[in-house]
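The lines below spell out each chain.
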Amino acid sequence: MPENLATTAPVPASARTAGLIRWIERRPGTAFGAFLAIHFVVWTVLPALLYANLPLDLIEALVYGREWQLGYDKLPPMPWWLIEAVHRTFDADIAYYASAQVAVLVAFALVFALARPLIGAIGALIAVLIIDGLHYFQYTAVKFNHDVIQLPFWALTGYAFHAGLRRGGLGPWCLLGFAMGGALWAKYFVVMLALPYALFMLFDRQARRAFATPGPWLAVCVTLIVAAPHIVWLFQSDFLPFAYASHRAAPVRGWFDHLLHPAVFVGSQIFFLLPSFFIAAALFWPAEGKKSLAELFDRRIVTLLAFGPALTMIALAAISGRGAVAMWGYPLWLFLGVWLVMAARVSFDTARLTQIVGAWAIVFAIFVLAFIANYLVLPSLDHRYRAVLFPGDRLAETLTARFHDAAGTPLRYVIGSMWDGGNLAHYSSDQPEVLIDGLPARAPWIALEDLRDKGAVLVWTQSDPRQVPAVFAAIARGAELGAPFDLPMRRGDGTVHVGWAILKPR
């Protein structure tokens, strides 16, 4: 009897942990795959379960993407095209969240691929676990947008740049050009990537030798070829999206902003990096002073990848005095984990690996619990507005039905803000187009004569619901004001006050 009890007794948690660590030590590549699977499942399923309404970035993508323009008034078109393709293929919210995680995982895989020959498979795994402590790759990466889609291109650029300098050949340089060109289609922030790379090649003696080969010049040509259609559009539109970027950056108020704005940006990035530093702490305590196996040139390249773009961003903020948005730090730290592992110069023994994996698990769990609390528990307690709890489906159902009753035709156009009009357009069974903010310049693909012929719904929720906003009234003369109504938020006790009007078909 005692023998039976002994054989069926549960395995202690400490033994299970030790077994997991030994498995990671034996099969770090497989462990990395398991990490990717966990990350993908958790951060795809959580928003699918807790977001009752699509977030603004996805609503915006669905408004813009369906038009298939080479450029728009805000940002490059790539993420909006991708979301429209996902919408047409799957038409399910979970597919949008999965797309965001695919972008994150591809970036992680490229960081791992660069790191593995430099610091070994276990070191590469640790490097990725460290950067996964950033909320950029977890909590906020669920909203597919320009920040998320630039991640794989920035990671591919780093991988190809290192390969081109170390291995030579035309393949890595061609890949670098593709990545740079793709990064431009993703977000104009690519300038923070290209400038330090170019300066490194100019000032590093060993890197400068590459200029004597066709590789870097091939990279420039491929970049221009990939980016050419959008660059041509930028010239044709008088660089229209740059006005949006300028608007996003805080204006200069005096000489002190040349110090304050970069300091604020640095402070925000250090704060965001605290969980990553917590994960990496075991690399530096206890210290060993082990000799680095990586060559000096490799260490210089990784230092550039880890800090070059961030220093460029800080320098630009200091020179211009313009404020930098904290979320612009999204792609800046992709290779920080690799640099930290290389700088630590320690052996990855069982005790140290246990501490690192345990710290990562704590950070991961905190992000998950914070996400659940924010969207499931807190809405009933703090009464704060959360866009993902907006009653977009009810709004669309109600106003689409009222237009049908008034006009007797399908709803083809909506006049409203990106948020109000975009929700109505996405959730309406008629899938109308949106005249964004009632401004033809923001939706040049809409023919105003056709809008007046087919009619439209006007909708607003941020001003007096009993009065049509002046800019809407100017573009939809003769629109008939409807009685305002209220809709409850999907969770919590918030209420949306809806103003609306109908422009009947002419």
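Just so you know, these numbers come straight off a predicted model, no measurement behind them.

Peer 1: Please clarify how the pattern of salt bridges should be interpreted in this entry.
Peer 2: Note that side chains of opposite charge can pair when their charged atoms are close. Scanning all chains against the criterion turns up 18 salt bridges. Note that aspartate 437 is salt-bridged to arginine 442, the shortest N-O span being 2.8 Å. When salt bridges that share partners are traced, they join Glu449, Arg452, Asp453 and Arg506 into one network.

Peer 1: Just checking my understanding: could you explain unusual backbone geometry for this structure?
Peer 2: The phi angle of most residues is negative, glycine excepted, and most peptide bonds adopt the trans form. We note that tryptophan 68 has phi near 50°; this positive angle belongs to a residue other than glycine. Its place among the elements puts tryptophan 68 in the loop between α4 (56-65) and α5 (78-89). The backbone of aspartate 437 shows a phi angle near 60°, a positive value even though the residue is not glycine.

Peer 1: Help me understand the state of the cysteines in this model?
Peer 2: By definition, a disulfide links the sulfur atoms of two cysteines through a covalent bond. With the rule as written, the count across this model stands at zero disulfides. You can see cysteine 174 has no disulfide; the closest cysteine sulfur is in cysteine 221, sitting 10 Å from it. Its relative accessible area of 35% is what places cysteine 174 among the partly exposed residues. The exposure class assigned to cysteine 221 is partly exposed, which follows from its relative accessible area of 45%.

Peer 1: Hey, could you run me through the side chain of threonine 157 in this one?
Peer 2: By the secondary structure assignment, threonine 157 is in helix α7 (residues 146-167). For threonine 157, a relative accessible area of 0% corresponds to the buried category. Side-chain polar atoms of threonine 157 contact the backbone oxygen of phenylalanine 153, separated by 2.7 Å. Other than its neighbours up to four places away in sequence, threonine 157 contacts Leu176, Ala179, Met180, Leu193 and Tyr197.

Peer 1: Hey, could you run me through the side chain of glutamate 433 in this one?
Peer 2: Here glutamate 433 is to be found in strand β2 (residues 433-436). Within the buried core, glutamate 433 has no salt-bridge partner, and the shortest N-O distance to an opposite charge, that of arginine 66, equals 4.9 Å. With sequence-adjacent residues up to four places away left out, glutamate 433 is seen in contact with Arg66, Glu67, Arg412, Tyr413, Val414, Trp445 and Ile446.

Peer 1: Even after reading the chapter, I still don't get the packing of aromatic side chains, so can you show me in this structure?
Peer 2: Between two aromatic rings, the relevant description is the distance of the centres plus the angle of the planes. On inspection of all chains with the given rule, the structure shows 37 aromatic pairs. Residues phenylalanine 32 and phenylalanine 112 carry aromatic rings whose centres are separated by 4.1 Å and whose planes lie at 10° to one another, so their mutual orientation is stacked. Placement of the pair is phenylalanine 32 in helix α3 (residues 28-50) and phenylalanine 112 in helix α6 (residues 93-131), with a sequence separation of 80 residues. Grouping residues by exposure puts phenylalanine 32 and phenylalanine 112 together as buried. A centroid spacing of 6.2 Å and a plane angle of 75° characterise the contact between tryptophan 43 and phenylalanine 364, whose relative ring orientation is edge-to-face. Within this pair, whereas tryptophan 43 is found in helix α3, its partner phenylalanine 364 is found in helix α16 (residues 350-377), the two being separated by 321 residues in sequence. As far as burial versus exposure is concerned, tryptophan 43 and phenylalanine 364 are alike and both buried.

Peer 1: I keep staring at a nonpolar patch on the surface and nothing clicks. Help me out?
Peer 2: A surface patch of nonpolar side chains, amounting to about 550 Å² of accessible area, comprises Trp255, Phe256, Leu259, Leu260 and Val264. Looking at the secondary structure, you find leucine 260 in helix α13 (residues 257-280). You can call leucine 260 partly exposed: its relative accessible area is 38%.

Peer 1: Please clarify how α5 should be interpreted in this entry.
Peer 2: Owing to its 3.6 residues per turn, the α-helix brings residues three or four apart onto one side. For α5, spanning 12 residues, the distance from its first C-alpha to its last is 17 Å, which sits close to the expected 16 Å at 1.5 Å a residue. If you check which residues of α5 are buried, you get Met78, Pro79, Trp80, Ile83, Glu84, Val86 and His87. Residues of α5 that are buried sit in contact with α4, α6, α7, α8 (170-186) and α18 (418-427). Trailing α5 by a residue or two, aspartate 91 shows a phi angle of about 50°, which is positive.

Cut-offs and rules
- Residues numbered from 1 in each chain as written.
- Predicted model: local features only at pLDDT ≥ 70, side-chain atom pairs only at ≥ 80, totals over all residues.
- Heavy atoms only, no water.
- Salt bridge = Lys/Arg side-chain N within 4 Å of Asp/Glu carboxyl O.
- Helix = DSSP H or I, 4+ residues; strand = E, 2+ residues; numbered from the N terminus.
- Disulfide = S-S within 2.5 Å.
- Buried < 20%, exposed > 50% of the residue type's maximum accessible area, 1.4 Å probe, protein only.
- Polar contact = N/O pair within 3.5 Å; in protein donor to acceptor, adjacent residues only side chain to side chain.
- Contact = heavy atoms within 4.5 Å.
- Lys, Arg positive; Asp, Glu negative; His and termini not counted.
- Phe/Tyr/Trp six-rings, centres within 6.5 Å; stacked < 30°, edge-to-face > 60°.
- Patch = residues over 30% accessible without salt bridge, like charges linked within 9 Å, V, L, I, M, F, W, Y side chains within 5 Å.
- Areas by Shrake-Rupley, 256 points an atom, 1.4 Å probe, with all protein chains shown as cover.
- Expected span 1.5 Å × (residues − 1).

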